[in-house]
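# Examination of the molecular architecture
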Amino acid sequence: MGRRKNSNNDTNQSSSSFSSSHQLHDAKARFEDPDETTECSNHDESMCEPDDDSLLDGDEKTSADYYFDSYSHFGIHEEMLKDVVRTKTYQNVIYQNKFLFKNKVVLDVGAGTGILSLFCARAGAEHVYAVECSHMADMAKEIVEANGYSNVITVLKGKVEEIELPVTKVDIIISEWMGYFLLFENMLNTVLYARDKWLAEDGVVLPDKTSLYLTAIEDAEYKDDKIEFWNNVYGFDMSCIKKQALMEPLVDTVDQNQIVTNCELLKVMDISKMAPGDASFTAPFKLVAERDDYIHALVAYFDVSFSKCHKLTGFSTGPRSKVTHWKQTVLYLEDVLTICEGETLVGTMTVNQNKKNPRDVDIMLKYSLNGRRCSVSKIQNYKMR
């Protein structure tokens, strides 16, 4: 996958504050910079795979099995651990809010290498149950032992939906469940399952709030390279692939100078209260042009917040914030839209789990523009696979 150049502002801006466009929603919604305290660390997300690889030979493997397999490889965990915005924010949340963790029982959902569990143990947790379903669980056990926390951290290998905890309730559930476009891979439902089964009545889920945003960008050069390329490939018409390419959202970094409109809040999810079905939704949007320009794509990104902390803490994955491994999700439009300053692109976005594979996401965009230079009304469907 290609990479765009990032402007200097992308890397210099505080990685843990909402982008400037979001400050209008809440003047207090400022996150402390994860670079300000403690040394750099890490964490990881993951799920599960069967112990017996022989059961998954040939056609026996499902898409979910390949998902579990992917988290057995250390390279994925290395990428996530080196995402300083992500990992340092979690570290700061835990180390700077020890009052939440002192003598508490913690459940780490999708523990990966166990870094969040180690943070919690060092912060004074009474016991941490680290649930990891990939083969990385075996490594996590070794890591826990190597760091002298075997008496505090118990690594459990298995699916959250299938394991049994040695306790009936936990005080805290912590997880890094977010996928591309926030909901890709659908680990959220696993966290909600754990919440409903084990979280004490006055327990805490960390993080507890996420927000999904949408904006529009000019992206002529990149769209030409990724989409229009298929119109003429060494003199041959391969435009049938172009249709497929348009349906697949592109995960990539977007230069903030490409942004043409305001950023619209699509959906807020309160992890402590929401139901599993709330992750499927239809949300309206109204994007107002901030200058005369073309629109080639819509861009989605998300913010994550920990509101139970002494100080509101979190991070943004938006184009105006420091780059994370989540980058942004680019949805290319079939047509090039010409928009003038003050004109509005209106529509709705519908997000659903894919029926065949709930880890995949189906997205439907309905949008229209009635401007001085352009009039269009269209429906486009996208599939994140």
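Look a little higher up for the structure.
The text that follows walks through the structure, step by step, so that each part is easy to find.

Look at the link from leucine 206 to proline 207: it is a cis peptide, with omega at -5 degrees. By secondary structure assignment, the location of proline 207 is in the loop between strand S5 (199-206) and strand S6 (209-217). Its identity as a non-glycine residue notwithstanding, leucine 182 has a phi of 70 degrees, on the positive side. With respect to the helices and strands, leucine 182 occurs in the loop between strand S4 (170-175) and helix H8 (188-198). Judged by its relative accessible area of 1%, leucine 182 is buried. Residue tyrosine 234 is not a glycine yet carries a positive backbone phi of 50 degrees. Along the chain, tyrosine 234 turns up in the loop between helix H9 (220-226) and helix H10 (239-247).

To continue, consider the nonpolar core. Inside soluble globular proteins, nonpolar side chains tend to come together where they are buried. In terms of nonpolar packing, the biggest core is built from 96 residues, with Leu107, Ile153 and Leu298 touching the most fellow members. Among residues more than four places away in sequence, those in contact with leucine 107 are Tyr129, Val131, Leu165, Val170, Ile172, Ile173, Ile174, Ala194 and Trp198. Grouped together as the second largest cluster of nonpolar side chains are 12 residues, Ile217, Tyr222, Leu246 and Val330 included.

With respect to the secondary-structure elements, tyrosine 95 resides in helix H4 (residues 84-95). Take tyrosine 95: its relative accessible area is 16%, and that puts it in the buried class.

Going through the model one piece at a time under the given rule, you end up with seven aromatic pairs. Their ring planes at 80 degrees and their centres at 6.5 Å tell us that tyrosine 193 and tryptophan 198 sit as a pair that is edge-to-face. Judged by centre distance (4.9 Å) and plane angle (75 degrees), the rings of phenylalanine 229 and tryptophan 230 are edge-to-face. For tryptophan 230, a relative accessible area of 22% translates into the label partly exposed.

Positionally, glutamate 201 belongs in strand S5. It is 9.5 Å that separates the C-alpha atoms of glutamate 201 and valine 170, two residues lying 31 residues apart in sequence.

Looking now at the sheet that holds strand S13 (residues 344-353). Strand order in the open sheet formed by four strands is S9-S13-S14-S15, with antiparallel pairing between adjacent strands. At either end of the open sheet lies a strand with only one pairing partner, and these are strand S9 (281-288) and strand S15 (375-384). Put simply, the sheet's adjacent strands are angled 15 degrees from each other on average, direction ignored.

On to H4. If you check H4, its first and last C-alpha atoms are 15 Å apart, about what 12 residues at 1.5 Å a residue would give, namely 16 Å. By the N-cap criterion, in which a side-chain oxygen at the helix start approaches the backbone nitrogen of a residue two or three places on, H4 is capped by aspartate 83, the distance to valine 85 being 3.3 Å.

What H10 keeps buried is the set Lys242, Ala245 and Leu246. Along H10, the residues classed as buried sweep out an arc of 100 degrees about the axis, all on the same side. Residues of H10 that are exposed and point more than 90 degrees away from the buried face comprise Cys240 and Lys243.

With that settled, the discussion passes to the packing of H4 against helix H6 (residues 115-122). At a minimum axis distance of 9 Å, the contact between H4 and H6 shows a crossing angle of 25 degrees. Our classification of the angle between H4 and H6 gives roughly parallel. Helix-helix and strand crossings are classified by hand; for H4 and H6 the assignment is right-handed. Residue-level inspection shows Thr87, Tyr90, Gln91, Ile94 and Tyr95 of H4 in contact with H6, the latter providing Leu116, Phe119, Cys120 and Arg122. For the contact of H4 with H6, a count of residues per class yields six nonpolar, two polar and one charged.

With that settled, consider the sheet that holds strand S1 (residues 105-109). Here we have five strands laid out as an open sheet, ordered S3-S2-S1-S4-S5, and parallel in their pairing. Of all the strands in the sheet, the pair left with one neighbour each is strand S3 (153-157) and S5. Going from strand to strand, the sheet's axes swing by 20 degrees on average, the running direction of each strand aside. Across five bridges, S1 lies against strand S2 (residues 127-132) in parallel orientation.

Cut-offs applied
- Residues numbered from 1 in each chain as written.
- Predicted model: local features only at pLDDT ≥ 70, side-chain atom pairs only at ≥ 80, totals over all residues.
- Heavy atoms only, no water.
- Helix = DSSP H or I, 4+ residues; strand = E, 2+ residues; numbered from the N terminus.
- Buried < 20%, exposed > 50% of the residue type's maximum accessible area, 1.4 Å probe, protein only.
- Core = buried A, V, L, I, M, F, W, Y, C linked by side-chain atoms within 4.5 Å.
- Contact = heavy atoms within 4.5 Å.
- Phe/Tyr/Trp six-rings, centres within 6.5 Å; stacked < 30°, edge-to-face > 60°.
- Pairing = 2+ DSSP bridges.
- Axes fitted to C-alpha atoms, helices over the stretch in contact; angles between N-to-C directions.
- Expected span 1.5 Å × (residues − 1).
- Polar contact = N/O pair within 3.5 Å; in protein donor to acceptor, adjacent residues only side chain to side chain.
- Arc of directions from axis to C-beta.
- Parallel < 35°, antiparallel > 145°, perpendicular 65-115°, else oblique.
- Left-handed = near helix turned anticlockwise from the far one by under 90°.
- Nonpolar A, V, L, I, M, F, W, Y, C, P; charged D, E, K, R; others polar.

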